[in-house]
Amino acid sequence: LSLRLNLAEALARLSRWQDSEEESGQALKLDDGNVKALFRRGRARLRLGQAEAAKQDLLRAAQLAPTDRLIREELEAARAWKASSDASQAVLPAASPKAAWHTLARTCLRHARNIFGEVWRQVLLSLALAFIMGGLGRLRRTQ
């Protein structure tokens, strides 16, 4: 069960939502009331554009873990889902501004890893320092 759950999360972090949904489903075959498996399958289904199926999984997970903030946020996103005619351009609303920034930062880091390989941290740090130094230089010139 743990292996399936961890694999589902790893696949989700790679944005392999179909595979993550399948692994979560396999975990649910082992334990049909597992909150993590329900949440991960619901999240994957939502990213795949299957809002109704996602709502069912997330609602069940929310009933089993009513105080879990992440489950509630995903459930709200599933309720607010607006599918466009092209499933690849469906709109997934951000649960909160903080969640939107977190998603943006995670996406940037993933792309940095893909582009720069093993030296992504050094490149990212160099870019951040260049940005800060450029801002400080502009600030000094305006004073």
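Each value, and the rule that gives it
Residues numbered from 1 in each chain as written. Predicted model: local features only at pLDDT ≥ 70, side-chain atom pairs only at ≥ 80, totals over all residues. Heavy atoms only, no water. Helix = DSSP H or I, 4+ residues; strand = E, 2+ residues; numbered from the N terminus. Buried < 20%, exposed > 50% of the residue type's maximum accessible area, 1.4 Å probe, protein only. Contact = heavy atoms within 4.5 Å. Core = buried A, V, L, I, M, F, W, Y, C linked by side-chain atoms within 4.5 Å. Salt bridge = Lys/Arg side-chain N within 4 Å of Asp/Glu carboxyl O.

A.B. asks: Could you clarify how one ought to interpret the environment of Phe-39 in this entry?
C.D. replies: Looking at where Phe-39 falls in the secondary structure, it is placed in helix α3 (residues 35-47). Judged by its relative accessible area of 12%, Phe-39 falls in the buried class. Along the backbone, Phe-39 and Ser-24 are 15 residues apart, and their C-alpha atoms lie at a distance of 8.7 Å. For Phe-39, the contacting residues outside a window of four places in its chain are Leu-58, Ala-61, Leu-70, Ile-71 and Glu-74.

A.B. asks: Explain unusual backbone geometry to me, please; I cannot follow it from the model alone.
C.D. replies: Peptide bonds are, in most cases, trans, and in most cases residues other than glycine have a negative phi. Of note in the backbone geometry, Ser-15 takes a positive phi value of approximately 60° without being a glycine. Residue placement: Ser-15 occurs in the loop between α1 (2-13) and α2 (17-30).

A.B. asks: I would appreciate a short explanation of the nonpolar core in the present structure.
C.D. replies: A general trend in soluble globular proteins is that nonpolar side chains are found buried together. Ala-37, Leu-46, Leu-58 and Ile-71 are the most contacted members of the largest nonpolar core, which has 18 residues in total. Those elements that place two or more of their residues in this core are α2, α3, α4 (51-64) and α5 (69-79).

A.B. asks: Sorry if this is basic, but what is going on with the side chain of Glu-21 here?
C.D. replies: Along the chain, Glu-21 turns up in helix α2. Not counting the four nearest positions on each side in its chain, Glu-21 is found in contact with Arg-41, Ala-44, Arg-45 and Leu-48.

A.B. asks: Please clarify how the pattern of salt bridges should be interpreted in this entry.
C.D. replies: Where charged atoms from two side chains of opposite charge approach closely, those side chains can pair. Under the definition given, this model contains twelve salt bridges. Arg-13 is the salt-bridge partner of Glu-9, the closest N and O atoms lying 3.1 Å from each other. Highlighted residues: Glu-9 and Arg-13, both in helix α1, separated by four residues, approximately one helical turn. Lys-55 is paired through a salt bridge with Glu-52; the nearest N and O atoms lie 3.0 Å apart. With Lys-55 and Glu-52 both in helix α4 and three residues apart, this pair spans about one turn of that helix. Since its relative accessible area comes to 23%, Lys-55 is described here as partly exposed. Salt bridges linked by common partners bring Glu-9, Arg-13, Arg-40 and Arg-43 together as one network.

Geometric descriptors of this kind do not, in isolation, establish any biological role.
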